[in-house]
Every structure is written in C-alpha cells, then in structure tokens.
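Residues per chain are reported as follows:
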Amino acid sequence: MSDHSIESRSASLATDGPKPIDGQAPLVEATRLVKIYQDKEHVPVTALNEVDFRAAPGEFTAIAGPSGSGKTTLLNLIGGLDKPTSGSVVVAGQDLAAMSRNQLATFRLNNLGFIFQAYNLIPVLTAEENAEFNLLLQGVPAHERHEQVVREFEDLGIDKELIHRRPAKLSGGQQQRVAIARALVSRPKLILADEPTANLDSKTGARLLDKMRNLNERTGITFLFSTHDPMVMERARRLVILRDGQIAEDDVRG
Amino acid sequence: MSILIKIAWRNIWRNPRRSWVLITALAVAVFSFLGSVAYIDGFSIQMIDSAINLQGGHIQVSGRGYHKNPTIRTYVPDVARVERIIAENDAIRYALQTTTPGMINSAEQASGVVITGVDPVREVEVSSVAESIIEGSYLAPEGEANEVVMGAMLAEQLNVLLGEKVVLMANDLDNEVGAGAYRIVGLYRTNSSDFDKTNVYLHLNQARNLIGYTAEQASTVTLRLDPGLDPVETAIHLQTTLDAADLEILTWHERSPLLVMMNEMMNLANIFLVIILFTAIAFTLINSFIMVIFERIREIGIMSANGVRPGQVRLMLYLEAVFIVLLGTAVGGAIAVVLITWWSAVGLDLSAFAEGLSSFGAASVLYPYIHWGHILNGFVMIFVLVLLAVLYPAVKASRFETVDAINHV
Ligand SMILES: Nc1ncnc2c1ncn2[C@@H]1O[C@H](COP(=O)(O)OP(=O)(O)O)[C@@H](O)[C@H]1O
Ligand SMILES: [Mg+2]
C-alpha cells in the first residue's frame, strides 16, 4: 500500500479491523467478505477480497474507488441483494446469510432503502405511487402514506404538479428525487445509494446530496454511498476508498 | 396487495397491441367454446326430450322383463292398484298403454308397426304425439270409435289419406290373430322419422280387445314428472311403495343407455374442445409472458430490492394473466350471449342433414341451450389451463437474482 496519502494514514490502520465507533453497536458489520464472480469465459474475478467493514448508526459514508474496485458489490452484499462467496454480513444485528429469500425481502422492506444510479422507478406507477411503494408494501394506511409522501416531496423540492406523472414524463433529476423520496419515506435504518448522482448534472446532484446530508443530520438515518463523484466525497463524513477489492483507505472527517 | 393489482392491471396496457391480440384470441376461444357447448347441450336436450316425450316418459312401469323382451305376455296385472299408488303424488302425471307388434294394411301396402292403445285424455299429459299432429286431430277424448292416428310418413308409404280406412292385425294372448278396420283421424310428424314410420295409436279399450287384455291389464304405465322431481329418486320410491316383484320400474336413463352414453360422449367432446382451444391459447400466453418478464426484468429487480417477495412477483404476473382472461372472457362471453340468444330464438336449420339426425331422435332445427353447469366447468378448466401456462414465466420471474435483475438494462 505504497500509495497511501498522508491525511489518511492514521485512518488506514482501521483496515486491519473494525473501526471503533464510540462504543455503539455497529449497524453494518461485514467480516472478511469475499466475492468472486465468474466472467463470461468462466474465469474467476475477485471483486472483494477479505473486506472488513463496519458502519455505525448515523453515518454518512462514501465508498469511493476506481471503476471495478468493488463498490457496487460491497453495497449489494450489505443490502442482501447478493450473497458473498465467503465472509459474513450482519445488518441491524441480523445475519443476512441465515435468512431465506422471503425473510431478506421483508428485512429490506423494513430496514433498508435503495437508490440506484438510474431507472429506479416502476414505469406504470405515478411519482406519488412510486414514492409510497414501500409504505404500501408495509400496509401503511392511505392518509398517512399521502401525508408522508407529500412532506417528503416538499422537502426534496418535487413540484406538486409532478405527483401524478409517470416516470417517463419526469426528467432524470426528478426521477432520482422520487427514488430518494421512496427510500426515505419509510424511514429505514440504512440507505444504500449506488452512484446516485452519476446521471445527474452537478447542480442537481449537489442539491440532492445536501438534502440527504441534511436529512441524515435531522433523522439519523445512515447513508452509504458508492461513488466516484468528488461532490459526494466532499460531503461525506467518512470516506472509504476501495482498490482492487480491498479497503485502501478509511478516513473519518468532521 | 392492492399495489400489485394496480401494477398488474396497468402492465396490461403498456403494450396494448399485444394484450388485445391475447384478449381477442381468448374471446374467440371462449365464444367457440360457449357456442359449441350450447349447441351440444341443445342437441342432447332435444334428444332426451324426444326420448321422454315419445318413448316412455321419465319413468315407465311395466311387467318384469318387458323392457328386454316386450311381448304382450308381459304386462302390468293389477293396473288399478298401480294407478292408485302413483296418483298419490300430485307432481306425477301418468297414462296407461297397451303395446303390441302388428301389421297395418292399406289397399295397396302392408307394413309392420307397433300398435299402442292409449287413453287420449291422459296420454296428452305424458306424450307429445298429440302435439305433433299436422293433419286432422288426435284420438277423440270420448267414445270408442274405430280411430287410428299414425305418422304422416307411414301414411305416405301406405299411400293412404286422412279419413281413409286401414286394417290392423295382431296376435292376442291366445295366439289368435285379431283384426279390425280403423279410420285415420290424425297424422303426426315428430323429429324422428323412424318413430313416425312405426307407431300407430288406437283407443285403449280397442287395443285391449285386439290383444285380449282385460281392463285390469296394461303393457305400460308412463310417468311424467314435474320439474324438480328427480326421476331416479322417484323410481326408487315407487319401487318400495309398489312393492311388486312382477313389476319393472325404469327411468329413461335405464331405458336408453345409448342416449346416456351419447350424452356423456358429447360432454367429453366438450372437454376436449376446451383443452384443444385453450392449449393453443396457453402457448400464446406463455410466449407473451416470457417476453413480458424479460422486458420488465429491471423493474422486477427494483421491486425485489424494495422488499417485494418472490411470491408477490408471481402473484403480480398471475393477476395480469387473470385480468387478460377475464377481459377475453367478457368480450367472448358478451358476443356469445347475444348470438346464442338469437340462435335459440331462430334455431339452426340442419334440414340438409336432417335425415341422419332424425333417426337419432333429434330435430332438424337445432336450438342451443345454456347449461350453466357445463359452462362453469369449462371456465374452471380455462382458468386452470391459463394459470398452468403462466406458471413457468411467473416462477422464472420470481427466481431472478435481484442483483442480476437490477444490472439488466
Ligand atoms: N455479475 C458479474 N459478473 C462478473 N463479474 C462481475 C459482475 N459484477 C461485477 N463484476 C466484476 O467485479 C468487479 C467489481 O465490480 P463492481 O462491484 O461493480 O465495481 P464498481 O462498482 O466499483 O465499479 C469488476 O471487475 C467487475 O467486472
Ligand atoms: Mg458500480
């Protein structure tokens, strides 16, 4: 690890084990995670190589690194969307490996929010219906749903007249806001956002990031981003750098 | 749950052309199914009706062994007692007959016939021969005149006209040949040409005289039941109340096993029709649902990431299939109701093939009939077939790995 930058030297010690997190129980606890894919020629590709990663409740953390370094893979494993080749993932005290597909689905519904790079929304549902999707699955009554969605939309600056539009009639930035609203509205413990600003112009991206940081401060919802967008890294309070499937740097800022 | 319904419904209209193709195919199949069921049911009802109306009612009481070997030596001995017991049930109408094989002779021709003696007043309640008179009239209610009623076709064959006389001959109980001259008072025409060519009717007492029966004897007692009275149960009940070892009590099912078999075969044909029609539909459905899930792979992944369970993905696709089937059924059903209603008013004229049908006892004009039980069975089968068809794509969709689905663009 010859390319360690000076400012991350102290933090880089943490790659040897979980970060001390003020005595709090970690929200995410990934231990010795290995993920090996088979590529098209059936050659094994190691996307994650013995990664230990912990996150405390309330973090606002960016996982950065070059393309192909394993960011998406790490988020997917933490979100229970994929299974590791070896190692374990414990989220909110639950060992994901021990759960069935149904249990995982319910776990995600009640604890996690996802924001992907693009095309996050269900095409046949309106903006409002997309945003309340998780609440609907949770069986939240209609008036509560509506209230919460309207509040979230206001907060995220989504125009009232957009609420009955379907995704195809929304701009990329508007779609992404609706996706964020959906992830937030059910107040999950953890939001996993995989390059959420990659398809947005920088102004829109910056505004949404500020909004999310603001929400993180207000509500304590934990955010984990994967990104190579400097705007995201600037705003993160902890920056984890992945390189070749390993954590190269782990830097906590103010 | 309701969100899944909403998504399923709206998904149908994402590719309206594809959905309409499916709906139209289903509508055509449903319509063909309903039409053919209605005609088959109409056909068998007409056949059964004619079996009941012309040949012995719902239940027939006779001497034991008469049905297998109908001779004048096998008869109902104590007719008054049988009549008294049957008359106890208001929902049963009945009439006595004597029946014997015999000869009919005109000046030019002779023919073998079945000579049946009837009480005209009672007979009209159990048989439709009186209603089938096309020339002249039925036997007079009163009186013992030497009257005969015969099929118009037989009269043609014998070259006799209404009002002319014919001679009937038959053996009596003592094996003596008896004969008498009778005036033709009525000519009838039923749906069955065979029937018309072989059955002639006299007054009951004259027929008794011809074959040497007393007033206490008859060949058969024909029973007609009001709707709601089950023939089989009624026959069983009569068996105990009549309590006579020398009597035979048969329902039309027992008397016409061929008819029952034919009826069952037609119902079987119906089932095959449903299977053939809807297997074709099922393949179309499988095809388009496989296209559908690959088009929607990413959003299925998004839903799954957000906590939709595999079973809910399946349910969503099932709901979509059910909606399409309901739409197809509604369209096909609506067309069928209109056309069948119209057809059952005008009938389907099969006179070109009537000769053949007529010998089955079916009419040359066929009237479709809506038998709800058969239609319900058909729909249950349609739904089972459709749900089986969608099973494969639905299971496939619910087994997508969430990550792969999300990465799919
Ligand atoms: N489904 C897959 N099949 C094969 N290889 C994969 C698959 N997903 C990711 N990889 C490989 O794993 C490595 C890490 O990928 P990823 O986690 O997507 O990186 P990042 O998000 O940092 O760009 C890359 O080399 C990538 O090619
Ligand atoms: Mg990535």
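Everything quoted here is computed from the prediction, not taken from an experiment.

Asks: With reference to specific residues and values, describe the domain arrangement of chain B.
Replies: The domains assigned to chain B are domain 1 (2-51 + 259-406) and domain 2 (56-255). Taking only C-alpha atoms into account, the centre of domain 1 of chain B sits 48 Å from that of domain 2 of chain B.

Asks: Let's hear about helix H11 (residues 297-305) of chain B: which residues, and what values?
Replies: All names here are of chain B. Among the 9 residues in H11, 9 count as buried, and that is most of the element. All of the buried residues in H11 are Ile 297, Arg 298, Glu 299, Ile 300, Gly 301, Ile 302, Met 303, Ser 304 and Ala 305. With its phi angle positive at about 110 degrees, Gly 307 sits one or two positions after the end of H11.

Asks: Before we move on, can you summarise the packing of helix H2 (residues 16-54) of chain B against helix H12 (residues 310-346) of chain B with the specific residues and values?
Replies: All names here are of chain B. Contact geometry for H2 and H12: axes closest at 7 Å, N-to-C directions at 40 degrees. In terms of orientation, H2 lies oblique with respect to H12. Considering the relative orientation of H2 and H12, their crossing is right-handed. When the residues that make up the contact of H2 with H12 are grouped by side-chain class, the tally is 18 nonpolar, 5 polar and no charged.

Asks: Account for the interface of chain A and chain B, naming residues and giving values.
Replies: Reports often express the size of an interface as the amount of accessible area lost when the parts come together. If you look at the interface, chain A gives 26 residues, while chain B gives 25 residues. Buried surface at the junction of chain A and chain B, both sides included, amounts to about 2300 Å², of which 59% is carbon and sulfur. Linking chain A with chain B are 3 salt bridges. Put simply, Arg 101 of chain A and Glu 401 of chain B hold a salt bridge, and the shortest N to O gap is 4.0 Å.

Asks: Go over the packing of aromatic side chains, please, and point to the residues and values.
Replies: Within this structure, the stated rule accounts for 13 aromatic pairs over all chains. Ring geometry for Phe 114 of chain A against Phe 116 of chain A: centres 5.8 Å apart, planes inclined by 10 degrees, an arrangement best described as stacked. Across this residue pair, the class does not change: Phe 114 of chain A and Phe 116 of chain A are buried. Pairing Trp 9 of chain B with Phe 323 of chain B gives two aromatic rings, centres 5.4 Å apart and planes at 85 degrees, and the pair type is edge-to-face. Residue Trp 9 of chain B is located in helix H1 (residues 2-12), and its partner Phe 323 of chain B is located in helix H12; the two are separated by 314 residues in the primary sequence. The exposure class assigned to Trp 9 of chain B is partly exposed, which follows from its relative accessible area of 36%. Taken together, Trp 9, Trp 13, Trp 20 and Phe 323 of chain B form an aromatic cluster joined through their ring pairs.

Asks: Run through the sheet that holds strand E10 (residues 246-252) of chain A, naming residues and quoting values.
Replies: Residue and element names in this part refer to chain A. Sheet architecture is open: 6 strands sit in the order E6-E7-E8-E3-E9-E10, paired in mixed fashion. Both outer strands of the open sheet, strand E6 (112-115) and E10, are each paired with one neighbouring strand and no more. Adjacent strand axes in the sheet meet at a mean angle of 15 degrees, parallel and antiparallel pairs treated alike. Strand direction decides the pairing type here: strand E9 (residues 238-243) and E10, joined by 6 bridges, are antiparallel.

Asks: Can you break down the sheet that holds strand E4 (residues 86-91) of chain A residue by residue, with the values?
Replies: Residue and element names in this part refer to chain A. Within the open sheet, the 4 strands sit side by side as E2-E1-E4-E5. Their pairing is antiparallel. Lying at the two open borders of the sheet, with one neighbouring strand each, are strand E2 (44-55) and strand E5 (94-95). Relative to E5, E4 runs antiparallel, the two sharing 2 bridges. Directly across from Val 90, in E5, lies its bridge partner Asp 95.

Asks: An account of unusual backbone geometry is requested, with residue identities and associated values reported.
Replies: Negative phi characterises most residues that are not glycine, and trans characterises most peptide bonds. Backbone geometry at Glu 50 of chain A places phi at a positive 55 degrees, although glycine is not the residue there. Its place among the elements puts Glu 50 of chain A in strand E2. Unusually for a residue other than glycine, Asp 243 of chain B sits at a positive phi of about 45 degrees. With respect to the helices and strands, the residue Asp 243 of chain B is situated in the loop between helix H8 (231-242) and strand E10 (247-251). Asp 243 of chain B gets classed as exposed once you look at its relative accessible area, which sits at 64%.

Asks: With reference to specific residues and values, describe the pattern of salt bridges.
Replies: All names here are of chain A. According to the stated counting rule, one finds 19 salt bridges over all chains in the structure shown. Here Arg 238 and Asp 250 are joined by a salt bridge, their closest N and O atoms 2.8 Å apart. Placement of the pair is Arg 238 in strand E9 and Asp 250 in strand E10, with a sequence separation of 12 residues. Looking at Asp 250, the relative accessible area reads 3%, which means it is buried. One connected set of salt bridges, linked through shared partners, spans Glu 59, Arg 238 and Asp 250.

Asks: Which residues make up empty space enclosed by the protein, and what values go with them?
Replies: Residue and element names in this part refer to chain A. Scanning all chains against the criterion turns up 5 cavities of 30 Å³ or more. One number sums up the size of the largest cavity: a volume of about 80 Å³. For the largest cavity, the full set of lining residues is Leu 77, Gly 80, Asp 82, Lys 83, Pro 84, Ser 88, Val 89, Asp 95, Leu 96, Ala 97 and Leu 104. Taken together, the residues of the lining of the largest cavity break down into 6 nonpolar, 2 polar and 3 charged.

Asks: Account for the side chain of Asn 76 of chain A, naming residues and giving values.
Replies: In this structure, Asn 76 of chain A sits in helix H2 (residues 71-78). Taking relative accessible area as the criterion, Asn 76 of chain A reaches 8% and is therefore assigned buried. Apart from the residues lying within four places of it in its own chain, the contact partners of Asn 76 of chain A are Leu 81 and Asp 82 of chain A together with Val 403 of chain B.

The rules behind these values
Residues numbered from 1 in each chain as written. Chains lettered and ligands numbered in written order. Predicted model: local features only at pLDDT ≥ 70, side-chain atom pairs only at ≥ 80, totals over all residues. Heavy atoms only, no water. Domains from an automatic or database assignment. Buried < 20%, exposed > 50% of the residue type's maximum accessible area, 1.4 Å probe, protein only. Helix = DSSP H or I, 4+ residues; strand = E, 2+ residues; numbered from the N terminus. Axes fitted to C-alpha atoms, helices over the stretch in contact; angles between N-to-C directions. Parallel < 35°, antiparallel > 145°, perpendicular 65-115°, else oblique. Left-handed = near helix turned anticlockwise from the far one by under 90°. Nonpolar A, V, L, I, M, F, W, Y, C, P; charged D, E, K, R; others polar. Contact = heavy atoms within 4.5 Å. Buried area = accessible area lost by both parts, 1.4 Å probe. Salt bridge = Lys/Arg side-chain N within 4 Å of Asp/Glu carboxyl O. Phe/Tyr/Trp six-rings, centres within 6.5 Å; stacked < 30°, edge-to-face > 60°. Pairing = 2+ DSSP bridges. 1 Å grid on protein atoms, 1.4 Å probe; cavity = no way out; pocket = protein on both sides within 12 Å on 5 of 7 lines; lining within 4 Å. Points joined across faces, edges and corners; volume = space filled by probe spheres on them.

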